[in-house]
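These are the residues of each chain, in order.
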Amino acid sequence: MASLDEAQTSKRPKLDESVRVQLKSVEGAELGPALEVPLASGPAELGSIVSKLKSDTNSTPYAFYAGEVSVPGTLQEFQEQYSFSTEQTLTLTYEPLAVFRVRRVSRCAETLPGHSDAVLHVQFSPDGKKVASGGGDATVRLWDALANIPQKTYSGHKHHVLCLSWSPDARMVASGDRAGEVRVWRSDGEC
């Protein structure tokens, strides 16, 4: 009787198990000749191969597809799920996942004090110049998003302001409270 360790080990690909892979771009252009790739290879290893063949120094991450089916894990897992023959060439299409780098935000860019209770909703105006916030203090506040300064405070709700929505021209903002009351405020005046 086989032990649990032996059963798990038998499912893992052996280091010498491989499959012949032909890499193609989304446009259909082949990238180099077909290569023998270990079945233990996943998107990271395949991406490294694509980067080397393309002389890509940016380490662009790639997604891989066999036909229309994504290859999210190792080739061994893909082979077990879709039962392709390791004796035939597997054509994989590669697609870059990101063409630009996004820096992670690791600190608060700005704090806008003013509400005396929890802030429950915040929304930028369509033009990006203003920010509206609604809170548990039953007020709606407008802020200059570029200068980070308060512009107006609107009072009138009797309950927590739960939602906000700007008009397309950014001249009005609607607010709704917990009791179901909706108010429409002019961004340059009152209700």
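In what follows, the structure referred to is the one given above.
Attention here is on the structure that accompanies the text. The structure presented is a predicted model; accordingly, all values stated were derived computationally and were not measured. (Residues numbered from 1 in each chain as written. Predicted model: local features only at pLDDT ≥ 70, side-chain atom pairs only at ≥ 80, totals over all residues. Heavy atoms only, no water.)

1. What about the sheet that holds strand β9 (residues 149-155)?
A sheet is described by the order of its strands in space; here 4 strands give the open sequence β6-β7-β8-β9, paired in antiparallel fashion. Taken across any chain shown, the strands that pair with only one partner, and hence form the sheet edges, are β6 (119-124) and β9. Neighbour to neighbour, the strand axes of the sheet diverge by 20° on average, direction disregarded. In this structure, β6 lies alongside strand β7 (residues 130-135), joined through 5 bridges in antiparallel fashion. Residue pairing for β7: Q123 is matched across the bridge by A132. (Pairing = 2+ DSSP bridges. Helix = DSSP H or I, 4+ residues; strand = E, 2+ residues; numbered from the N terminus. Axes fitted to C-alpha atoms, helices over the stretch in contact; angles between N-to-C directions.)

2. Considerations on the pattern of salt bridges
Under the criterion given, the structure shown has 2 salt bridges. Between E36 and R20 there is a salt bridge, with its nearest N and O atoms 3.7 Å apart. Of this pair, E36 sits in strand β2 (residues 35-38) while R20 is found in strand β1 (residues 18-25), placing the two residues 16 residues apart along the sequence. Residues R183 and E181 are paired through a salt bridge, measuring 3.1 Å at the closest nitrogen-oxygen approach. (Salt bridge = Lys/Arg side-chain N within 4 Å of Asp/Glu carboxyl O.)

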